[in-house]
Every structure is written in C-alpha cells, then in structure tokens.
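These are the residues of each chain, in order.
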Number of protein chains: 6
Amino acid sequence: MSESSGSSEPAPAVAASGATGPLLVVSAHAGDFVWRAGGALALTAAAGHRAKVVCLSFGERGESAAAWREGRSLAEIKALRRDEAERAAGELGAEIEFFDAGDYPLIETPELTDRLVRVHREVEPAVVLTHTLADPYNGDHPAAARMALQARILAQAVGYDAPGDPLGAPPVFLFEPHQPEQCDFKPDTLLDISPVFDRKRKAMECLRAQQHMWDYYTDLARRRGVQLKRNAGPNLGLHHSCMAEAYVRLYPQTTAVLA
Amino acid sequence: MSESSGSSEPAPAVAASGATGPLLVVSAHAGDFVWRAGGALALTAAAGHRAKVVCLSFGERGESAAAWREGRSLAEIKALRRDEAERAAGELGAEIEFFDAGDYPLIETPELTDRLVRVHREVEPAVVLTHTLADPYNGDHPAAARMALQARILAQAVGYDAPGDPLGAPPVFLFEPHQPEQCDFKPDTLLDISPVFDRKRKAMECLRAQQHMWDYYTDLARRRGVQLKRNAGPNLGLHHSCMAEAYVRLYPQTTAVLA
Amino acid sequence: MSESSGSSEPAPAVAASGATGPLLVVSAHAGDFVWRAGGALALTAAAGHRAKVVCLSFGERGESAAAWREGRSLAEIKALRRDEAERAAGELGAEIEFFDAGDYPLIETPELTDRLVRVHREVEPAVVLTHTLADPYNGDHPAAARMALQARILAQAVGYDAPGDPLGAPPVFLFEPHQPEQCDFKPDTLLDISPVFDRKRKAMECLRAQQHMWDYYTDLARRRGVQLKRNAGPNLGLHHSCMAEAYVRLYPQTTAVLA
Amino acid sequence: MSESSGSSEPAPAVAASGATGPLLVVSAHAGDFVWRAGGALALTAAAGHRAKVVCLSFGERGESAAAWREGRSLAEIKALRRDEAERAAGELGAEIEFFDAGDYPLIETPELTDRLVRVHREVEPAVVLTHTLADPYNGDHPAAARMALQARILAQAVGYDAPGDPLGAPPVFLFEPHQPEQCDFKPDTLLDISPVFDRKRKAMECLRAQQHMWDYYTDLARRRGVQLKRNAGPNLGLHHSCMAEAYVRLYPQTTAVLA
Amino acid sequence: MSESSGSSEPAPAVAASGATGPLLVVSAHAGDFVWRAGGALALTAAAGHRAKVVCLSFGERGESAAAWREGRSLAEIKALRRDEAERAAGELGAEIEFFDAGDYPLIETPELTDRLVRVHREVEPAVVLTHTLADPYNGDHPAAARMALQARILAQAVGYDAPGDPLGAPPVFLFEPHQPEQCDFKPDTLLDISPVFDRKRKAMECLRAQQHMWDYYTDLARRRGVQLKRNAGPNLGLHHSCMAEAYVRLYPQTTAVLA
Amino acid sequence: MSESSGSSEPAPAVAASGATGPLLVVSAHAGDFVWRAGGALALTAAAGHRAKVVCLSFGERGESAAAWREGRSLAEIKALRRDEAERAAGELGAEIEFFDAGDYPLIETPELTDRLVRVHREVEPAVVLTHTLADPYNGDHPAAARMALQARILAQAVGYDAPGDPLGAPPVFLFEPHQPEQCDFKPDTLLDISPVFDRKRKAMECLRAQQHMWDYYTDLARRRGVQLKRNAGPNLGLHHSCMAEAYVRLYPQTTAVLA
C-alpha cells in the first residue's frame, strides 16, 4: 500500500469493498475528519462517490495550542488550519466546506442547523458520520453531533423549507473520539481501511502542527485492525496487516443477510 | 411467494440476498427457532447453505400448557413437540437436533456445553443465533444463551478436546424475545425476510397448539418490516410490503463498507 | 365496546377504575396525544375529571407529508391539523390548546416554558403525560418533554411569578413513542383502556390523513393488552380482550399498598 | 400506634391501605425480612392476609459476628438466630419457615429452588418480595433473589411437577439493600408503612445482637417517608410524620388508573 | 471535635489529610455548597488553601418558600440569602461570589459560562466540585453543572480569550444531591470530613430558614461515615465516629499507588 | 529506567509512590497477571510489600494455541506455562501459586472459592486485583472474577471456617481486558508504573510464545500513560514519558483528601 505499490492495484480492492453512495462528514473542528474518518472518506472517493466534509469551525481556539504559543493572530491561525484541512481533504479525495462558526465554545444555533439541513438536501448522503454525543473533554464535539443529527431529521421532512427533495434515511455512524471509554464509545462497526490507509496517512501528514498524532492514529488503525481480524467471520478474506476505523451505528442496520 | 407462485422468481431474490454460509440456531425449547429465527433459517436454506437447529429441550413443561391441561403424559408431550418441531424445521429447509436436556428449569451443565462445542466444530457456522441474556419471564432462555456463547468460545480453542478444527469467529445475533423491552432487547439489525416469509408462516402453522401465535408473529414481522423501511438507507431496493426479523448483534460488525 | 353497547355500561366501569383528578398532556404535535395517550384522556374524562391537552405545534412541517405533497399552503395545513385535533379531543372528552410554536424544529424557549408553567398552575393536574426524553427519529419530542418537565418543577415554586397556587407533585408518565426500543422506552406501567377503547378509535379516525395509523395503534393497544394480562396479578379482574397503553413512570410511585 | 393506642384505631387505617392478598418474602438470612420488608409484612397481616417469610439460612456465619466473637458454637448461633427471627415474625403477624441451607456462601441448587416452587404453589402469593440481583457486599443476597425469581416462574408452569395449581403472575418487588446505590437500587415504589411502624420497630428490637441497626432502620424509614411525601401526588392524604419502605418493581405495573 | 476541644488538635489532623491546593465549588443556589460540599471546603481552608464558592443564583425563587410565604419581596429574599450564605462561607473559611443570574429557571448563557472561565483562570483550582448532570427534581442543578464543566474545558485552551494562564486538568467531583438514587448518583468517593464536621455544622446553622436540614445533613454525614468505614481498607486509621461526604469522580483518577 | 540506570534511582521513586501493603492478584490463566497487572505487582514489591499471584489455571487449553499446533502434550504445555509464569513473577518480585483448576472452561466450584478464601486470610491483602465481570471473548475471566470477589467477602466473615483472622475491606480493582470497550471496561484509575516499567517489560519477555504481545502491551502502557498525563491534576509531578496501567475500582474510594 506504499506509494510505490502503484494506483492500479488498490482501485479494484476498493471497488470490491463497494461504497454505496455519497458520504457526508460533519466535524466540529478541522482535523477531526482526518483522524477519525479519513479512511471512510478515502474509501468512498476511491469508489467514485462524492465525499463531503463540513467543518463547523477551524478549531482555531481549542485545537491550536502550538500556534497560539507561537504568538499567531486569530486570523493567521484560521488561515493556517483552513489550508491544512483543505490539503488533507485533497489527499482523501474529499470536498470540504467551512462554516467558520467559532469554537471553544461551538454554540448551537438554529441558523447553523439550517445550513446543515441544506447541505444534507444538496449532498443526498448515503451515509452520515459525526461525533459522539458524549465527550467530557470537549463540549464542541457533542454540540456538533446534536446539530448534525437534528439537521438530518429536518432534511427528511417534505415540509421543511429548504431547496431540494426530502432526504431518505441514511445510516449514521459516530466516529471514534480521542478517549473512547470516557465517551461511552463502544464500537459496533469496524471498517477495513487497509486499501486506502496510505492516503489517510498522507492526509494526516498535512496537519503539520500535530505531528505526534500521526503515529498515534496509525497505531490506532493497526489496533482496530487487529480487533477487526479477531472479530471477523471466517469467510471474510482479510489483508494480512489490516488497518481499520471504529464506529458506532446509531440506527438499526437494515440488511438482507446476517453476517 | 407461496409455492404456487413458482420457484423461479424467489430463488434469485434469495440468491441476491446472499447468505454467507452455514447457520446455527441454539434454542431453549422447540418452537423458539420458528417464531424468532424462522426467516433467517429459511433464507439460509434457500441460498443453498446448511441451516441447523439445536433444541436443548422440547419445552415439554414450560411451553405446553394446553397439552398438560388435556391430561397428556410427559412422554406424549415430548413426542408431540418433537414431531411439530421436525415438521416446522422441514418447512424452513433446516436440520434439527434435540438434546432432550429438560426444561423448566433448563439446568446449565458442562456436559451440555460440551455437546454444543461439538456441534459448533461439526457445523462450522458462519453465523450463530440464540436467545437474549436477560429474560425475566423465562430463565431457560438466558441459560441456553449462556451455554451457546460459552460453547462458541470453547470451540475456538485449538486446545479444546473435541473433534474438528478450531472454530473461526462467527458473528452472533440474539433473536427477539416475546417481551422485547423487558429483556433489554434493543434491535440493531433488521433482517429482510420478505422472500421467505411464506415458508416461515407455514412453519409456524406446524405448531398447532399455539395457533394464537401465528398471527402474533405475522404481525410482528410486519411491524419489524415497517421499521426496516423507516430505517433503510435510500439506496436499498425494498419490497413494498416488507417482512422482517429483529436481532441484536453481540460482537462488532467487521465490514469493508459503511451502509 | 361498540357504539351500540350504550353509554350506560362503560360509565360504571370507568368509575370503578377511579381516575384521581385532572390530567394534563403535553404534546409536541397534534396527533401525538391521540395515538399515545388517547386512552388515558378518555378514562379521565369518563370519570368526570378535566382532561387537558397542550399541543406545542400542529405538526405542520414534520408530520404532514401528504398535505405538503398535495400542494397545500402552510396556513391550510395548520388549519387542517387544528381541525382534526380538535375533533379528536372532542371524541375523547378532552380540552385542547395550541401554542402554535412551530415544529421541525420545535425550539425550546423560556417563553414557551413559562406558558406551560401557567397551564400547570391553572389546571392543577393530578397526573402529567408527555414524550420520552430520547427519540433519535424526532428531536421535537424530547424538546417538548424537557419543557414540560421543567415547567412542572417551576410551577411548584411559590416564588415563581405566575398566577395560581404552587403545584403539588403530580406523577409524570412518559407515553409510548413510535419505535419504543430505539427511544429507551421500557414500559413499567400498563394502563387498561378497554372501557374507553372505542372512544380512542373514534378519535384516531378523526385524523384522516394518517389512516394507516388507525390499525397500527389498534394493534399496539391489543399487544399491550396481552402484556397487561401476562403481567397482571391474579386478583385483578380483567376484560377478556384487553386493550392497553404503555407508560414509563418518571418519579417513584407512592402507595399505601404493594400490588 | 403503640400497643397502648388501642387496636380500634390502626385497624381502619390499615384496612384503608388495602393489602390485596398473601405476601411471600424470600430472605437470604434471618434479619433481612425485618429490616427490609417488616412494614410490608405488618401491613399485610394487619389487613387480614397471610404474610409468609422463607429464610434460606439463619445468617449463622455471615451475619453473626458478635456471637462468633463470644465463642458460641454453630448450633447455638443457629438456635439463637432462629429464636430471634421467630419472635420478630410474631410481632409482624407473619409466619416464618427456615430452609437451613447454609450461608456464606449460600449455594444455589435445584433442590432449594424446587422447595421454593412448592412454597409459591402453597401460598399463592399476591405479591413476592426478595433481594436485589446485585450486591457487591454480599453474594448470598443475589443468590437468594435468583432462586426466588426462578421459583416464581417455575411455579407458573402447569407442567411443573409439584402440588397445587399453577401460580398466576404476582408482582415482584426487590427490597432495599444496606448500601442502595452500590447495588443499583433505584427505588420506584415508596410504601407508606406509618400505620404499622411501631410493629416494625418492635420486631427490630427482637434482634438483640444488632441493636445499632434499630436506629439505623428507623432513620431510613423516616428518610424514605420524607421522599414519599416529596413525591406524593397532591390528592394523597398522608400522615404528618410519614414512615416508608423503598422497593424496586421488577415487572410492569398493571393498572386501571394512572396515579 | 467540639469548639472546646481546642484548635491545636484538629489542625494537625487536617494537615495530615493533606489538601492539594485551591478548591472551586460551583453551586446553583446559595445553600447547596454548605449541605453538599461544606466538609470539603472546610478541609481545604484548614489546610491553608484557598476555598472559593461561586453561587450562580441566591435560590431566591426556588429555594426560599418560607420567605415567600411570609410575604417578603424579591429584593429582601435575595439580601437574606446572600447574608446567610456569606456567614456560612465564613464559618467554613471560604470565599464566596454571587453571579445573581436568577433561578427557577437558571438559564444557561455563553456570558455566564465566560464568567466561570475567568474564575477558573483566576483561582487555578486543584479540584472542582459541582452538581450532578441529572436531577429530575431541579433543572437548575444540571444547568449549573453543564456550565461549570464547559467553563473548566474552555479555561484549558490557550486560545480562549480571557486573562490568565490556561488551566491544567483539575479533577472534578459531583457532590451529593438531595435524592441520590433518582439523580443516578452512585458514590465512588467517600471523603472523611470528621476533623471539620463541627465547622460544617456551624455553617449549616447559618441557614436559619432551613432548620430541618441541619439534622438531615448531619445524619447523612453520619451514614456516609458508616459507609466509609465499611469500605475503608484495613490500613486507614479512621476516627471512631466518622463523618463523611459522598462524591462521584468525573474523570479517571491518576495515581502512583492503588489504595 | 533501563538496566543501566542503576537500582539506586528507581527505589526512592517507588518508595515515594507509597504502596500500602500486600497485593493479591487473582488471574484465570498464567500470563494475565503480567500483561494486566505487572506494573502494580512490581510497584508493590519494590516498595517492600508482599506481591502474590494466584493463577487458577495455566491457560493450557485456551491460551496456548502455538504449543498445541506444535503437537505438545497437555502435560508439556502446563509445565511450559508454569515455568514461564514463574520466571515472569520472579522478574516482578512476586510470589505465584497455581491452582491447576483447568481452563476453557474454568468451572466455578465451592472448593476453588474456599481455597481463595484461605489465600485471602493468609495474605491479608491491602489491595485485590482481578478480571472484569464481563468478557464476551473469554468466559474464564468472569468466572475467575466471580470467585475472587466471593472469596474476598467470605474471608471477611468471622464465622467462615478457615484459618486466620477475618479480612478487612481491601479495595478491589479490575484490571484491563484485551478488548476494553467490549468488556464494559471504563477506566476510572490510571496507575503510574513508569518507575517499574522496565521490570514489567522483562516479565513480559519471559512469556516467549506470545512475543507479539510484548509490543502490544508496551504500546498500551504508553497510551494509558498519555491519558494519565491528560487527566492528571496540575500538582502531580509526572515523568516525561509516562507508562500506566488502567483499572476500574469496584467499591467507593475512601479518602481524607479529594485529588
């Protein structure tokens, strides 16, 4: 999966993994979508589907300690974070949109939720990803999740006054927070991101201020990969060194086959 | 979907739904596998895979009130229940084996668990189904579940002294109890059993003493079908009048695609 | 229980069931009070007590898909929903008041909560009914519940600046949502509504746009009735074909007898 | 309510509280039924119903530290505990039966459960009381509860081979453990035992070795009484200085009225 | 521990108990800090550390029933409560600051949270205490807790625009509500307040309108003290008659020794 | 902390961390005590206290896959595992005792529990460590935990017939399972094992068949160390590169200081 392995090999693998349609990721800060959902985004893009990220803020106050300590201005920090996030999205093959709603605290408003409804109507996601509803270390994460979930519901109503058709019922998955047990994050879905892990790593490397995270989240992917193999049914053909992302499914899975 | 509707049409539908391999159902009493997992069994059989049921008891004491009131003997009741269950299994295309371990109470023993280990090793299930771990109305159900889950783990150990190869890690789903909320049963998987519901209905009709249950579980399938449609992603092509069974997944799902 | 059974017969039955005083139902949308609490309202009214419904919205955006698809205007839809709800309340013997606060989303405000305090002070309910605090399918329901519960607490304070005496401590019951398991709704109270089920059915039939719900909630009442009989103590004289509504009690029951 | 207050006054009060039939209390050790369910027993007896206690053990090893420190023999301690418990039961108006199954540990066996089935069939309780299912300080308590709950279920089966008719579905309440929060004991039922508290106090005073508990459980009754008043609906006529016992209901309440 | 026992004896005991630094208590109403955290405040002050209380409101509407019934004006009640609280803080050796944000309801705002951030930055607490996140009897308590927890997180961000240095990660403990089980309060920390209980009692006695609470919270301290002794490891030298306060720790404890 | 750092430096650090007395670890299989509690054992031993491990089995069937695949006999495997475990215990400074009770399944018996009672009475532990009560991947772990917890309670009773004095109330901590989220393991205690991590690493390296685990549990210690630093209060002097073990406390902490 290294750069030298060529682009021709992973493509069929990804096609085989079969993404089902557009993916929408709602993220409190720039950066979250890379660490927590970069694999899902890259898989979706590689399968030829639209992969869209909404960053509600740049994480300019709460997630940019180094820049503040260097004496940067607020405008500089926001520009820096935007630039990094755009390049990371590019590596993943994803679009990115910034709401610039401010962070620490990210304050829930009907206006932000309405903007998210419009995005849902426009993207018509097959799957939605967002934060956990509990996070005792970061109040912005649950605030983003509450708005994302509310927006998805509102977008389903034909009577909601926004452009586009009413949304269907795309499944929602909550992505992994930094301290999973403290956020009541009990993974029930392990996504094999092996075919695209090199792209996730490159996206991580775009976030230059958080270099210590690159290895942290590479290790996490490896551990989740070990769990995936331990939990996998015997019929699933898995890569030897599997990399994975963990998720929690919010609504019942609907399926034509138990597996 | 009835027999007269022709076999050519449902077959592709079932094939399309793609069962992944042998199915093992561990049931406390005869009857449970029909009401709670009949659709999964029929889907598996229709897809050409082995579908095996283990009944730990006949439900001769706890689930045969009418027969006792008619003055039947224990031996008669067990024979009656066995006969009904065998015919129901036949309708579903499933094998059935009776452990005759007694019910009310079904008492956990290392010997029963060992017999279940041997079944796991022999069947090599791709999926295992059993009861919920809580049921304040019926202590036999959790007892069966505890033995089934323990047996599956033991069967995985190369050092366990029983014939056959160590088992892989087949996913486990808990099937729906009679009073779901009281058993902490929060469905996270809704299985579309529309293509085989007529077979499940016929299997139910083999259980002649529990005629009031036929409509009860037909209605339940319809309601779970309504939920399936409400929760389904927009890309899933669903039958107009969908029938479903509800399950709870015990281990994380491993997947190559979020959907 | 049909119309021809005459009004003289149910009245004593209801009197025997002994409602204890005024009932207040706080509902997010028109319709909810019928499907979820119609039996409790009719029982209360039949026992000669005041039965009052507050609808925070008409459900004009989120629960009126058919009307929007027919091209109706917002004003038309609100008028239609109001008319239907008023006729349904009439069938149940209940008063109804609309706050017209808007739905999808219903937004919590101190002003709405204050209006609910004033209703509590004026009605002096013996029992309060409202939505569950979790509903992943509809954010308006928990929003209504939070305001109702907050208002009941505020109404108890002598220092709260609103007309009337401080409220006592009426018990609160949460009524059944559409997908109970997904809303963490574990019923701990099953109310026998057999004596008034015909009235509830007539009230349901006032909601003409949601005809498919009539049978759905009739079936639900029958199922909850089956559970009621299964859970009933041996000394409770129950109707043969029992109809019931399920509730969750929010505060401890205070009683002079265990039963 | 003391003996000198005359028997004419409390009788109506108790009659007004209306017990509904025989009460069965399954207790791990002698003593538990007094501290935790003495009020319910006395209320039942005062209302003219049978009140029966089964003590699975005397608490001879785990709850008799003082006697062991005094150098008593096992036989002496058992005789002492039996005598105290019999006199306490007498004060409450209750029958008592000892299974002498040993404590610390109380070991679950099919034979003990069968004996409990036979008691259920013979007593035909309208209500069953037992321990919580969790108690990190005392393994005998959950063991007793598991056997009591299993026995109640088995007694319901017509096919269970024991004298008497199949049991109905008496409600079960779990009584209050010594450290409620640590046992996940969240009371949902507060029973007014004011009319019989003096009898409970006298019964407590029969347990001479545990004198420090007399005031502890008097204080607890007073605190639960304060909670009862705080949670009581406005229409309930309550004694000024209310005494109460707390319980957790295991199965849904079935009722003809919300209150 | 009475006044006559002299000041020389308790001081070393307190020093031995070793408070670790400044303590910050965020309280919805005047009074809460005395009943629920008075011991922790007094211990901290006695050890020579700063003990600071923020009262978001005076509890003028929701917790001053007697004063309202006496016909006092809002201004009078606020002055009375302020005076009582200041004297109670004085007995404990604590500073107190009132935000006068209004109660019943206490409404969450970004401005109040910002003021709390500034307090955190200024006090640099080693420990933070506040209310539980659930309280079905009082919506102000969770509102205060949410703002306190949010403020502590915001104060940690170097990018948050407020004077002072970024906060470290002081542990947070939730103090005991009035009806612990109903607030999902399962104590995991029992604090020995024996050396300072006399100061807490004196502080309680400053709250003259709530005289019935003095004994209630003295009894509670005694009961929690009994639990402390029952749960204490064998090596902990404990006072004979131990008084304690119960807390729930919100973040993992970090330690160099298991004990 | 490497061997070359000399023994004079770590000793004071460990003394400063202050273990409080003997430590008892109850482990289902040989190996568990190394991966999950090796740091706590080494800290205790380094502080001059007794550190004792009971292995209920050798893990000969369930945790020795490689040896079985090499065709070793049962006796050989047990001898191998015993030897490895003894050497690992030696590295940690711990005693080890094997009950040889068999694994996969480890079957709970009164006799095993009685043996554990006798160990508790003999060791008089200041702290007890054992497995989690839930583990869907390994039934032996909860079985060991249930027996350990039961034994600790029995050992407290003066009336329990075993040599030695009644046990006090040593705190219990559950150590970290392999898949924490799936075992409902939410750490509430992070133990700094930096001063002894080199000893834990050497002990791990004694377990030669499980070489892939050495790095896995080194990484885990590093991650838990990062969490320790993130959760630590500002006054705690922490090593730069901190290593930690995670635990869940079973009973309330009793303390003279909040920190």
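To be clear, the structure that these remarks concern was listed above.
Structural notes, computed from the coordinates. Source: prediction; values computed, not measured.

Quick look at the interface of chain C and chain B now. Chain C puts 16 residues into the contact, and the matching count from chain B is 16 residues. Between chain C and chain B the total buried area reaches about 1,800 Å² when both faces are included, carbon and sulfur atoms providing 40% of it. Area buried by chain C at its contact with chain B is led by E181(C), R223(C) and R230(C), which between them contribute 33% of it. If you look at where chain C meets chain B, you find four salt bridges. One salt bridge connects E181(C) with R224(B), and the closest N-O pair in it is separated by 2.6 Å. The interface formed by chain C and chain B holds 10 residue pairs in polar contact (both at pLDDT 80 or more) in total. For the side of chain C that touches chain B, a count of residues per class yields five nonpolar, five polar and six charged.

One broad rule of soluble globular proteins: the nonpolar side chains tend to lie buried together. Counting 45 residues, the largest nonpolar core has V25(D), F33(D), L41(D), L129(D) and Y247(D) as its most contacted members. When near neighbours in sequence (up to four residues on either side) are disregarded, L129(D) contacts L258(C), L23(D), L24(D), V25(D), V26(D), A37(D), A40(D), F173(D), F175(D) and Y247(D).

The eight strands are arranged β3(C)-β2(C)-β1(C)-β4(C)-β5(C)-β7(C)-β6(C)-β8(D) in an open sheet whose pairing can be described as mixed. Each having just a single partner strand, β3 (95-98) of chain C together with β8 (253-255) of chain D make up the two edges of the open sheet. Taking each pair of neighbouring strands and ignoring which way they run, the sheet shows an average axis angle of 25°. Judged from the five bridges that link them, strand β1 (residues 23-27) of chain C and strand β2 (residues 51-55) of chain C form a sheet pairing that is parallel. Following the sheet pairing, S27(C) is matched in β2(C) by C55(C). Helix-sheet contacts for helix α5 (residues 110-123) of chain C involve β1, β2, β3 and β4 (127-130) of chain C, and the interaxial angle to β2(C) is about 175°. In this fold helix α6 (residues 140-155) of chain C packs onto β1, β4 and β5 (172-175) of chain C, with an angle of close to 160° to the strand it touches most, β4(C).

So, on to the side chain of R152(B). With respect to the helices, strands and loops of the structure, R152(B) is situated in helix α6 (residues 140-156). One buried charged side chain, R152(B), makes no salt bridge at all; its nearest oppositely charged neighbour is D135(F), positioned 9.5 Å away. Sequence-distant contacts of R152(B), that is, excluding residues within four places in its chain, are made with H120(B), V128(B), L167(B), A169(B), P170(B), V172(B) and Y251(B).

Moving on to the sheet that holds strand β2 (residues 51-55) of chain B. What the eight strands build is an open sheet, ordered β8(A)-β6(B)-β7(B)-β5(B)-β4(B)-β1(B)-β2(B)-β3(B); its pairing is mixed. Two strands lie at the open edges of the sheet, namely β8 (253-255) of chain A together with β3 (95-98) of chain B, each paired on one side alone. Ignoring which end each strand starts from, the neighbouring axes of this sheet average 25° apart. Strand direction decides the pairing type here: strand β5 (residues 172-175) of chain B and strand β7 (residues 244-249) of chain B, joined by three bridges, are antiparallel. Residue pairing across strands places F175(B) opposite Y247(B), the latter belonging to β7(B).

Let us look at the environment of A209(F). Residues and elements named next belong to chain F. Tracing the backbone shows A209 in the loop between α7 (197-205) and α8 (211-231). Judged by relative accessible area, which is 48%, A209 ranks as partly exposed. The sequence separation of A209 and I96 amounts to 113 residues, and the corresponding C-alpha distance is 20 Å.

This brings us to the environment of A155(E). All names here are of chain E. Here A155 is to be found in helix α6 (residues 140-155). Along the primary structure A155 and G168 are separated by 13 residues, whereas in three dimensions their C-alpha atoms are 8.6 Å apart. What A155 contacts, discounting residues up to four positions off in sequence, is V117, H120, R121, D165, P166 and L167.

Moving on, we come to the packing of aromatic side chains. Under the defined criterion, the tally for this structure stands at 30 aromatic pairs over all chains. An angle of 25° between the planes, with centres 5.5 Å apart, marks the rings of W35(B) and Y217(B) as stacked. Highlighted residues: W35(B) in helix α2 (residues 32-46) and Y217(B) in helix α8 (residues 211-231), separated in sequence by 182 residues. Exposure class is identical for W35(B) and Y217(B). Each is buried. Through a chain of ring-to-ring contacts, the aromatic side chains of W35(A), Y216(A) and Y217(A) assemble into a single cluster. Between the NZ or CZ atom of R115(E) and the centre of the ring of F99(E), over which it lies, the distance is 3.8 Å.

Glancing now at the interface of chain B and chain A. You'll often see interface size given as the accessible area lost when the parts meet. Contacts between the two partners involve 41 residues from chain B, matched on the other side by 41 residues from chain A. Between chain B and chain A, the buried area comes to about 3,200 Å², and carbon and sulfur atoms account for 61% of it. One can count 12 residue pairs in polar contact (both at pLDDT 80 or more) joining chain B with chain A. Elements with a minimum of two residues in the side of chain B that touches chain A: α2, β4 (127-130), β6 (189-192), α8, β7 and β8 (253-255) of chain B. Top contributing element to the side of chain B that touches chain A by residue count: β6(B), with four residues. Grouping the constituent residues of the side of chain B that touches chain A by class yields 25 nonpolar, 12 polar and four charged. In this sheet, β8(B) lies alongside strand β6 (residues 189-192) of chain A in parallel orientation, the contact comprising three bridges. Bridge assignment links L191(A) to a residue of β8(B), and that residue is T255(B).

The next point concerns the relation of the copies chain B and chain A. For the pair chain B and chain A, the superposition axis carries a translation of 0.0 Å, the fit reaches an RMSD of 0.0 Å, and the rotation angle comes to 180°. What the superposition gives is, in effect, a two-fold axis relating one chain to the other. Minimal C-alpha distance to the rotation axis in chain B is attained by D188(B), lying at 4.9 Å.

This part takes up the relation of the copies chain C and chain B. Aligned on chain B, chain C shows an RMSD of 0.0 Å; the corresponding rotation is 180° and the shift along the axis is 0.0 Å. Looking at chain C, 100% of its interface residues are interface residues in chain B too, so the copies touch through the same face.

On to the pattern of salt bridges. In a structure, side chains of opposite charge can pair up when their charged atoms sit close to one another. Counted by the stated rule, this structure contains 102 salt bridges over all chains. Between R50(D) and E122(D) there is a salt bridge, and its shortest N-O distance comes to 3.1 Å. You can see R50(D) sitting in the loop between α2 (32-46) and β2 (51-55) and its partner E122(D) sitting in helix α5 (residues 110-123), a full 72 residues away along the chain. Under the relative-accessibility criterion, E122(D) is labelled partly exposed at 46%. One salt-bridge network, in which partners are shared between bridges, spans R50(A), E95(A) and E122(A).

Calculation criteria
- Residues numbered from 1 in each chain as written.
- Chains lettered and ligands numbered in written order.
- Predicted model: local features only at pLDDT ≥ 70, side-chain atom pairs only at ≥ 80, totals over all residues.
- Heavy atoms only, no water.
- Contact = heavy atoms within 4.5 Å.
- Buried area = accessible area lost by both parts, 1.4 Å probe.
- Salt bridge = Lys/Arg side-chain N within 4 Å of Asp/Glu carboxyl O.
- Polar contact = N/O pair within 3.5 Å; in protein donor to acceptor, adjacent residues only side chain to side chain.
- Nonpolar A, V, L, I, M, F, W, Y, C, P; charged D, E, K, R; others polar.
- Core = buried A, V, L, I, M, F, W, Y, C linked by side-chain atoms within 4.5 Å.
- Buried < 20%, exposed > 50% of the residue type's maximum accessible area, 1.4 Å probe, protein only.
- Pairing = 2+ DSSP bridges.
- Helix = DSSP H or I, 4+ residues; strand = E, 2+ residues; numbered from the N terminus.
- Axes fitted to C-alpha atoms, helices over the stretch in contact; angles between N-to-C directions.
- Lys, Arg positive; Asp, Glu negative; His and termini not counted.
- Phe/Tyr/Trp six-rings, centres within 6.5 Å; stacked < 30°, edge-to-face > 60°.
- Lys NZ or Arg CZ within 6 Å of the ring centre and 35° of its normal.
- Least-squares fit on C-alpha atoms with pLDDT ≥ 70 in both.

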